[in-house]
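# Structural overview
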Amino acid sequence: MIFLSRLLRALEGLKEAVVTMMVPPNHCINFAVCKAMNSHDEDGNSDDEGKSKFQCFSKPNMLPPLGSRWSSDTQLEKNIISPHDPRYRCWETFLIVLVGYSAWVCPFELGFSDAPKGGLLIVDTIVDAFFAIDVILTFFVAYCDDKTQILIDKPRKIALRYISRGFVLDVTSTIPFETLIYLIRGKHAGFNIYYSLLNVLHLWRLRRVKTLFTRLEKDIRFSYFWIRCARLICVTLFAVHCAGCLYYLLAIWYPNQNNTWIGSRVPEFQQKSFWIRYISCIYWSITTLSTVGYGDIHAVNTREMIFIIFYVFFNLGLTAYLIGNMTNLVVQGTSRTMQFRNKIRAASNFGNRNDLPPKLKEQILSYMCLKFRAEELQQQKVMEELPKSIRTSISRCLFIETVETVYLFQGVSTEFILDLVTEMHAEYFPPKEDILLQNETPSDIYLLVSGEVEMLTCENGNEQVVESLRAGGLFGEIGVLYDKPQHLTVRTKKLSQLLRLSGSVLLDKMQTRPTEAKVILRNFLQHFNGSKQLGIENWSNEYLLSHFTTLTANVPKTLSNISRSNLQPRSISEAPPLRVIIYKNHPSKNKQYTGLGKLVILPDTVDQLLKMAGLKFGFHPVKVLNEDGAEIDEINVIRDNDPLFLVDKEELEELYHTK
């Protein structure tokens, strides 16, 4: 345990340099929290150092089974390391560098070296020692269970899992066979086919590279395109290097070395420079892999022909793999662009085919271009997928200051504004885009966040700018609150961002919050007092106040008449009154509804209905029945055009005695 502790402390200096590269952003947050906790423990409570050091290092995106009591703060057992500990990630990164060394040296020693000697032997032994340390360290690293997605930190389970999976190959690929032979026999082993095959086991370490690339491809801080290209390049270079070394090994093994692919061109080639031999091997491997085959280097004996046959078959699969991946990358990067070009072409053809005015065609193309740019950001999609609490926080951060400056919401509580902002949708409009048309009754309210819009009037085909709105401007409220057509055209002057609020959503929220509704309606009336848009020109404050008092008396029932004109405002509830047909006597006495019925508006309560029926029929009803004779206790169960039957006390007693 002292050894493990020292090893982790030795890696402490490396973690600051690579943690930001290897650990995703959410892991970096956990690391910062844990670092603060560790420093606190070291200063104030050293006994709990082991407890706090790893309790935060659990995978944030690890999903426990339903009903499990596991959480991300679950404490690992003593001396067990989390696989997401930044220090352990640094160790893995260091091993990746050593794997790159092994990937080049192993085929090289197989083909070009009888046995590693001198400095190469020392480096090989040091690399093997680091991987031996990793074998020991793996017995103390927690793992994620494939079924439950929980970190397993039981030493016995960790050991059994590692022994049953990769322990044997890890140990075999780590044993320094050449060093052991040198220590036992006192001399190097020289060229030996069995030693060469054992040396190939070092390639088992390449699985770590695959894990690294898989993790980097999922890290959004790096370009997926370039990570994927790097992976394909590494695969290609490794295949070329291995094939070249094996091809040279065939020449070394052949009894008559002058009757080989290299011996026929370079007599006594083993006496030549290493770089000449190595470059010749790589040259042959690349020309064969690329199917160029110049013919200057070719197979001479049967062994080489057989090897080339299998190498060409291997190249078919490798080439298909490379081409398929590159095609995928190119298509992925250009598919959206091609779709956009096709849409633009279709829209242009549509405008030409239907002989649309140039201005309208320009608006169509501008809108589609802006939509393409907005879809790339995926802002609205992200917002829709978030829970309401987070959407509220985001909206408060981005739009609350702008909404609070709008005249319509002056004096309204912050809670009500936040509720509205959450329902608003941010939209972009290109320059010269018509948002609302003259004489159109809008169903939404628009709030200008950035950019500029113009209010235009069109008479006899001549457009004239009446007003310009900048950030904080509002339009569309007349159609929503007053149900009156827009008397001006609203057109963007430059690229503008607007918040769109559905009119039905605003009216529903006003109905549930009568106090806020009164404030909004008062702001609305005062803002348009003296304006021709509502026909309330030059109203005095006293006259306006009297109408406002009348209007707010029945909120949330309806928006009462606020104009001396014939214009009728829209009801907040937007629900038409229910009509019912009332009859005197029990339904059994009116089976064919031959009695005199009356079509009336359904009142608010059952008592009001009884009172109204008594006045119309001249008696004192006590019960309301439906056509099946069932008594109606609540007014809400009555539907439109229902026949209702009213009975008095005498009739009830008569029916009771009859039964």
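The structure we're discussing is the one just above.
Residues numbered from 1 in each chain as written. Predicted model: local features only at pLDDT ≥ 70, side-chain atom pairs only at ≥ 80, totals over all residues. Heavy atoms only, no water.

Once that is clear, we can look at unusual backbone geometry. Non-glycine residue Thr291 carries a positive phi angle of around 60°. One can find Thr291 in the loop between α13 (274-289) and α14 (302-353). Residue Thr291 is classed as exposed on the basis of its relative accessible area of 66%. Positive phi is not limited to glycine here, since Asn641 has a value of about 65°. Looking at where Asn641 falls in the secondary structure, it is placed in the loop between β13 (621-625) and β14 (643-648). (Helix = DSSP H or I, 4+ residues; strand = E, 2+ residues; numbered from the N terminus. Buried < 20%, exposed > 50% of the residue type's maximum accessible area, 1.4 Å probe, protein only.)

With 16 residues, α13 extends 22 Å between its outermost C-alpha atoms, agreeing within 8% with the 22 Å of an ideal straight helix rising 1.5 Å per residue. Among all positions of α13, only Arg277, Tyr278, Ser280, Cys281, Ile282, Trp284, Ser285, Thr287, Thr288 and Leu289 are buried. The backbone nitrogen of Trp275 has a side-chain oxygen 3.3 Å away, supplied by the residue at the start of α13, namely Ser273. In the stretch just after α13, Thr291 is the one whose phi turns positive, near 60°. (Expected span 1.5 Å × (residues − 1). Polar contact = N/O pair within 3.5 Å; in protein donor to acceptor, adjacent residues only side chain to side chain.)

A word on the sheet that holds strand β7 (residues 462-469). Ordered in space as β4-β9-β6-β7, the four strands form an open sheet in which the pairing is antiparallel. Each edge of the sheet is formed by a strand with only one pairing partner; in this case those strands are β4 (434-436) and β7. With strand direction ignored, the average angle separating the axes of adjacent strands in the sheet is 35°. Here strand β6 (residues 453-459) pairs with strand β9 (residues 489-492) via four bridges, running antiparallel. Bridge assignment links Val453 to a residue of β9, and that residue is Thr492. (Pairing = 2+ DSSP bridges. Axes fitted to C-alpha atoms, helices over the stretch in contact; angles between N-to-C directions.)

Take the sheet that holds strand β8 (residues 474-475) next. What the four strands build is an open sheet, ordered β3-β10-β5-β8; its pairing is antiparallel. A strand with exactly one partner marks an edge of an open sheet, and here the two such strands are β3 (425-429) and β8. Of the pairings in the sheet, the one linking strand β5 (residues 444-450) to strand β10 (residues 496-502) comprises six bridges and is antiparallel in character. Considered in β10, the bridge of Asp444 is made with Ser502. This element, helix α20 (residues 503-512), spans β5 and β10 of the sheet and lies at about 50° to β10. (Contact = heavy atoms within 4.5 Å.)

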